[in-house]
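As a plain string of letters, each chain reads:
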Amino acid sequence: MRSHEIDYEIKGESIQIVEVELDPRETVVAEAGAMLFMEDGIVFETKMGDGSEPDQGFFGKLVSAGTRALTGESLFMTHFTNQGASKKKVAFSAPYPGTVIPIDLQQSPNQELIVQKDGFLCAALGTKVSITLNKRFGSGLIGGEGFILQKLQGDGMAFVHAGGTVIEKQLNNETLRIDTGCVVAFESTLDFDIQSAGGLKSMVFGGEGMFLATMKGTGKVWLQSMPIRKLIQAIAPYGKNATKEASSILGNFLE
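Calculation notes
- Residues numbered from 1 in each chain as written.
- Predicted model: local features only at pLDDT ≥ 70, side-chain atom pairs only at ≥ 80, totals over all residues.
- Heavy atoms only, no water.
- Helix = DSSP H or I, 4+ residues; strand = E, 2+ residues; numbered from the N terminus.
- Buried < 20%, exposed > 50% of the residue type's maximum accessible area, 1.4 Å probe, protein only.
- Contact = heavy atoms within 4.5 Å.
- Lys, Arg positive; Asp, Glu negative; His and termini not counted.
- Salt bridge = Lys/Arg side-chain N within 4 Å of Asp/Glu carboxyl O.
- Pairing = 2+ DSSP bridges.
- Axes fitted to C-alpha atoms, helices over the stretch in contact; angles between N-to-C directions.

Student: What's the story with the overall build of the protein chain in this structure? I'm lost.
Tutor: Within the protein chain one finds four helices and 17 strands. Here the protein chain, with 255 residues, has 41% of them falling under the buried criterion. When contacts within the protein chain are restricted to residue pairs at least 6 apart in sequence, those whose partners lie at least 24 apart make up 79%.

Structure representation (structure tokens):
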């Protein structure tokens, strides 16, 4: 199934959204709860599956939905279709601050992209969203990158969400070592692994963690400066202090 040819615009800077313009009868699929607004004429329907295989039976859709559940995502996806007679817009936002990355899957090798399990935001109808297993089981156990990743396949536009600033790196038979958790997406031509950060002293006192993600080969990789894990770690101490200060202030007021 060929993907629908959708037009789009990325809006915002530090907290971005993607605004998709749909021609009549065009459809975009998105993660449940990602919709920010939609204009009159667009209707949405929650379905089990991404719609890339319209002839797929109920059992096949059930298996597909079950595999999505392994990544921690919803069993269902939402399909937004323009039922009007003119162009209409629908916008999507991610669950936490960051950047939206537009990727033309037709330009990717094998027309596919590997994405971290919570990175997919939305895509043109016809894009297949499935899972892929990290070839090295240890990467998922000790690296923080996850053993189960998402695979996007198709010939249309897909949109991936990342935390903070995004860096796109093109590797040409090279090796890149990356802080674990900072890999957002990469082309399937790259080899992904987790390796130790160095000697015992560096691993314990270096502040970079015990392991680093490693990308080898030729292809593109997208990195995020502030994965959600780091964001939570950064604000957690302030949240506790804020709670204590508020309790203290309230206590003094009551006295």
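Right, picking up where we left off after that structure.
Student: I tried to follow the side chain of Glu187 on my own but got confused; where do I start?
Tutor: Relative to the elements of secondary structure, Glu187 occurs in strand β15 (residues 183-187). One buried charged residue, Glu187, forms no salt bridge at all, with the nearest opposite charge on Lys220 at 5.2 Å. Filtering out sequence-adjacent residues up to four positions away, Glu187 remains in contact with Ser108, Pro109, Leu113, Gly219, Lys220 and Trp222.

Student: What is the right way to look at the environment of Val166 in this model?
Tutor: Here Val166 shows up in strand β14 (residues 166-179). In sequence terms Val166 and Ile101 are 65 residues apart; their C-alpha atoms lie 8.0 Å from each other. With near-sequence residues (within four places) excluded, Val166 lies in contact with Thr99, Ile101, Trp222 and Leu223.

Student: Help me understand the sheet that holds strand β10 (residues 120-124) in this model?
Tutor: Strands pair in a sheet through their backbones, by hydrogen bonds, and they do so in one of two ways: parallel or antiparallel. Read across the open sheet, the six strands follow the order β5-β6-β3-β10-β13-β8; overall the sheet is antiparallel. With one partner strand each, in any of the chains shown, β5 (42-47) and β8 (99-104) form the two edges of the open sheet. When strand polarity is set aside, the average angle formed by the axes of neighbouring strands in this sheet is 20°. In terms of strand pairing, β5 meets strand β6 (residues 77-82) through six bridges, oriented antiparallel. When the bridges of β6 are listed, Thr46 appears paired with Thr78.

Student: In this structure, what is going on with the sheet that holds strand β1 (residues 7-11)? I would like to understand it.
Tutor: An order of β1-β2-β7-β4 is seen for the four strands of this open sheet, with the pairing classed as antiparallel. Across the chains shown, the open sheet's two edge strands, defined by having one partner strand only, are β1 and β4 (35-38). Neighbour-to-neighbour, the strand axes of this sheet turn through a mean angle of 20°, independent of strand direction. Relative to strand β2 (residues 17-22), β1 runs antiparallel, the two sharing five bridges. Bridge pairing in β2 links Ile10 to Val18.

Student: Any chance you could explain unusual backbone geometry here in plain terms?
Tutor: The bulk of non-glycine residues show a negative phi, and the bulk of peptide bonds are trans. Here Arg25, not a glycine, exhibits a phi torsion of approximately 80°, which is positive. Structurally, Arg25 is set in the loop between β2 and β3 (27-31). According to the relative accessible area criterion, Arg25 is exposed, its value standing at 56%. Phi is positive for Asn173, which is not a glycine, with a value near 55°. Summarising the element assignment, Asn173 is placed in strand β14. Given a relative accessible area of 70%, Asn173 falls into the exposed group.

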